[in-house]
Amino acid sequence: MAERLFIFDTTLRDGEQVPGCQLNSIEKIEVAKALEGLGVDVIEAGFPVSSPGDFQSVVEISKAVTWPTICALTRAVEKDIEVAAEALKYAKRGRIHTGIGTSDYHIKHKFNSNQDEILQRAIACVKYAKRFVEDVEFYAEDAGRTDNEYLARVVEAVIKAGATVVNIPDTTGYCLPDQYGAKIKYLIENVDGVHKAVLSTHCHNDLGMATANTIQGVLNGARQVEVTINGIGERAGNTSLEEVAMIFKSHKDTNIETNINSQKIYSISRMVSSLMNMPVQPNKAIVGRNAFAHSSGIHQDGVLKNRESYEIIDPKDVGIDDNAIVLTARSGRAALKHRLQVLGVELEQDKLDNVYGEFLKLADRKKDINDDDVLMLVGKDRTAMHRIKLEYLQVTSGVGLKPVASICLNIAGEKFEAAASGNGPVDAAIKAIKSIIHRTMTIQEFLIQAIDKGSDDMGKVHMQVEYDGNVYYGFAANTDIIAASAEAFIDAINKFVQ
Ligand code: KIV
Ligand code: ZN
């Protein structure tokens, strides 16, 4: 019989730490429910002591989700553990994830401490968490660079103290797959009582080895993997859930199975990408736009004769629907609703009506509406609550002309107009907005991307705006890229103007 591998999803904790990827509570609940539908075993819902928003999200997700375990992160600090326990009080199955850095870098430079003191703190935090919940996971931060002999002492001690799961994070993404696999093997062979707990992998992708390291960890005895949808996470990201799930599904020879319903992978990938405004790179394994696109003639011919000649995964196995209905201006609400359901989005009737109205406007400007467009429209509906809205924007520009923008903003129901010139049409529009919103704001990052190919395509704009020492993220999509740029700027401003 195949051995069960537990999937611990940290999209809503490690994934959500990425600047610009923050979700509100409603969006987090949407993702958590989709993760439940996907079949993950554990959802890491947040770091409750870090902010009231994170605390509330753990509470709401605990209420909304039925069978996966809900996990809350803490440092090895009593207050953190108390707050996590309080946030988990509605969870049907709650887990506290507590821990401390164990590498010399952490012990000496972060804690100005020594190995024995850190060992005692590790034991103490597990024992304290055990007062509140039965299921306690311990993480040895920077285990990837921790000496194996000391790591084994820590792991043995926390298991004795009651840890049910022990997480071995390669926090900096430094390990080679062989090294990481050998580390897990060393713990399995040298820790007394290791079988009383589950060892968990938690790999970061700084050197592009997160998935390879995770697989080596499992092949050497880890039985939980910590992953995120689309591999999102700080810096180069975490191990991606879809890659690990499809590796074990494809390699039956490993005798490892997960509870993941692979046909839901595509829809949740799109949902997370759209809610977090985090594009999936086109060549990303499993869920990238080109993952199953064959352009060479030899490949196309081979696939048409027998799919398995060049494809090791049937796209339908990850929920990519070849026969997707193409949406056009003639499509009705039912077709739009169906497409949204395939993409994992359920809308109430009034929301669906709004999105359908926006869909018809877009379909007038663009021939075929694809999945990214549809998700973009759902996101657009979320900006309806903004305090500052773009009423109109008119720009004149061209060769030999000085670009000029006239703009009207609706701020809490009151209209404000302004005009400005700039070194280009976007610069003119931004200057016009700044002349209405009198704050010192600096655009730190500005990225324009096309979704598809044609000249009628939507342009997506990601922007980071610095204001008063903080960075705020703005996003917009429009077939008019000047309008998308202005809307992204306004989206960011809405995050700090109350
Ligand atoms: O990467 C890491 O070490 C972590 C821990 C906090 C689990 O995310
Ligand atoms: Zn991490």
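Above: the structure in question.
Parameters at a glance
- Residues numbered from 1 in each chain as written.
- Chains lettered and ligands numbered in written order.
- Predicted model: local features only at pLDDT ≥ 70, side-chain atom pairs only at ≥ 80, totals over all residues.
- Heavy atoms only, no water.
- Helix = DSSP H or I, 4+ residues; strand = E, 2+ residues; numbered from the N terminus.
- Rg over C-alpha atoms; globule rule 2.2 N^0.38 Å.
- Buried < 20%, exposed > 50% of the residue type's maximum accessible area, 1.4 Å probe, protein only.
- Contact = heavy atoms within 4.5 Å.
- Areas by Shrake-Rupley, 256 points an atom, 1.4 Å probe, with all protein chains shown as cover.
- Lys, Arg positive; Asp, Glu negative; His and termini not counted.
- Charge placed at Lys NZ, Arg CZ, Asp CG, Glu CD.
- Near = heavy atom within 4 Å.
- Polar contact = N/O pair within 3.5 Å; in protein donor to acceptor, adjacent residues only side chain to side chain.
- Nonpolar A, V, L, I, M, F, W, Y, C, P; charged D, E, K, R; others polar.
- Phe/Tyr/Trp six-rings, centres within 6.5 Å; stacked < 30°, edge-to-face > 60°.
- Pairing = 2+ DSSP bridges.
- Axes fitted to C-alpha atoms, helices over the stretch in contact; angles between N-to-C directions.
- Donors = N, O, S within 2.8 Å, 3.2 Å for Na, K, Ca; no water.
- Salt bridge = Lys/Arg side-chain N within 4 Å of Asp/Glu carboxyl O.
- Right-handed = clockwise from strand over helix to strand, strands pointing away.

Peer 1: So, the overall build of the protein: which residues are in play, and what are the values?
Peer 2: Each helix and strand counted, the protein has 16 helices and 16 strands in total. In terms of C-alpha radius of gyration, the protein reaches 25 Å, essentially the compact-globule figure of 23 Å for 498 residues. The principal-axis extents of the C-alpha atoms in the protein amount to approximately 75 × 60 × 45 Å. Burial analysis of the protein (498 residues in total) assigns 53% to the buried set. Residue pairs at least 24 apart in sequence account for 65% of intrachain contacts in the protein once pairs closer than 6 positions are excluded. Of the roughly 22,500 Å² that the protein leaves accessible, carbon and sulfur atoms contribute 49%. Measuring between centres, the 55 positive side-chain charges of the protein sit 2 Å from its 68 negative side-chain charges.

Peer 1: Explain the site of ligand 1 residue by residue, including any values.
Peer 2: Close to ligand 1 lie R13, D14, H97, Y139, E141, N167, P169, T171, H202 and H204, which account for all nearby residues. T171 has a polar side-chain atom sitting 2.7 Å from an oxygen atom of ligand 1. Considering ligand 1 on its own, with 260 Å² of exposed area, one finds that the protein chains cover 92% of that surface. Broken down by secondary-structure element, the contributors of at least two residues to the shell around ligand 1 are β6 (135-141) and β7 (165-170). Considered class by class, the residues forming the shell around ligand 1 number two nonpolar, five polar and three charged.

Peer 1: Kindly report on the packing of aromatic side chains, identifying the contributing residues and their values.
Peer 2: For any pair of aromatic rings, the description consists of the separation of the ring centres together with the inter-plane angle of the planes. Throughout the structure, instances matching the rule amount to four aromatic pairs. A centroid spacing of 5.4 Å and a plane angle of 75° characterise the contact between Y128 and F132, whose relative ring orientation is edge-to-face. Relative accessible area serves as the criterion here: at 10%, Y128 is assigned to the buried category. For the pair Y467 and F496, a centre-to-centre distance of 4.3 Å together with 20° between the ring planes defines the contact as stacked. Placement of the pair is Y467 in strand β15 (residues 459-467) and F496 in the segment after α16 (481-494), with a sequence separation of 29 residues. Relative accessible area serves as the criterion here: at 18%, Y467 is assigned to the buried category. Residue F496 is classed as buried on the basis of its relative accessible area of 10%. Following the ring pairs from residue to residue traces out a cluster consisting of Y467, Y472 and F496.

Peer 1: Residue-level account of the sheet that holds strand β14 (residues 441-450), with values.
Peer 2: The strand order β14-β15-β16 describes an open sheet built from three strands, whose pairing is antiparallel. Of all the strands in the sheet, just β14 and β16 (470-478) have a single pairing partner and so form its edges. With direction set aside, neighbouring strand axes in the sheet form an average angle of 15°. Both β14 and β15 contribute to a ladder of nine bridges, which runs antiparallel. Pairing of I448 across the sheet is with V461, part of β15.

Peer 1: Residues and numbers for the coordination of the zinc ion (ligand 2), please.
Peer 2: Binding of the zinc ion (ligand 2) to the protein goes through D14 (OD), H202 (NE2) and H204 (NE2), at separations of 2.1 to 2.2 Å. The sequence pattern formed by the donor residues of the zinc ion (ligand 2) is D-x187-H-x1-H. Of the two residues, D14 sits in the loop between β2 (6-9) and α1 (25-38) while H202 sits in strand β8 (residues 198-203), which places them 188 residues apart along the sequence. You'll find D14 and H202 in the same group, each marked buried.

Peer 1: Outline the pattern of salt bridges, supporting the account with residue identities and numerical values.
Peer 2: Within the structure shown, the criterion is met by 24 salt bridges. R4 is the partner of D41 in a salt bridge, and the nearest nitrogen-oxygen pair spans 2.7 Å. Separated by 37 residues along the polypeptide, D41 in the loop between α1 and β3 (42-46) and R4 in strand β1 (residues 3-4) bring together distant segments of the chain. The buried category is assigned to D41, whose relative accessible area is 8%. The partner of E156 in a salt bridge is K160, and the shortest N-O contact between them spans 3.9 Å. Separated by four residues within a single helix, E156 and K160 lie in helix α6 (residues 148-160), roughly one turn from each other. With a relative accessible area of 21%, E156 lands in the partly exposed category. Assessed through its relative accessible area of 68%, K160 is described here as exposed. Shared partners join several salt bridges into a network, and the residues in it are R13, D14 and E44.

Peer 1: Give a description of the sheet that holds strand β13 (residues 414-421) that names residues and reports values.
Peer 2: Either a parallel or an antiparallel arrangement is found when strands of a sheet pair, and the pairing is made through backbone hydrogen bonds. Spatial strand order, β11-β12-β13: three strands in an open sheet with antiparallel pairing. On the outer flanks of this sheet lie β11 (388-396) and β13, each paired with one strand and no other. The average undirected angle you get between the axes of adjacent strands in this sheet is 15°. Together, β11 and β12 (404-411) form the strand contacts of α16, whose direction differs from that of β11 by roughly 150°.

Peer 1: For helix α9 (residues 241-250), give the residues involved together with the corresponding values.
Peer 2: With respect to burial, α9 is a largely interior element, seven of its ten residues being buried. Among all positions of α9, only L241, E242, E243, V244, A245, M246 and F248 are buried. Looking at the buried residues of α9, the elements they touch are β2, α1, α8 (210-219), β9 (224-227), β10 (256-257) and α10 (265-275).

Peer 1: Give a detailed account of the pairing of β6, specifying residues and quantitative values.
Peer 2: Along a regular strand, successive side chains alternate from one face of the sheet to the other. For β6, the buried fraction is high: six of the seven residues fall into the buried class. Of the strand pairs in this sheet, strand β5 (residues 94-101) and β6 are connected by seven bridges, and their pairing is parallel. Opposite G101, over in β6, you have E141 as the bridge partner. At this point the chain moves from β6, through α6, to the parallel β7, and the crossover so formed is right-handed.

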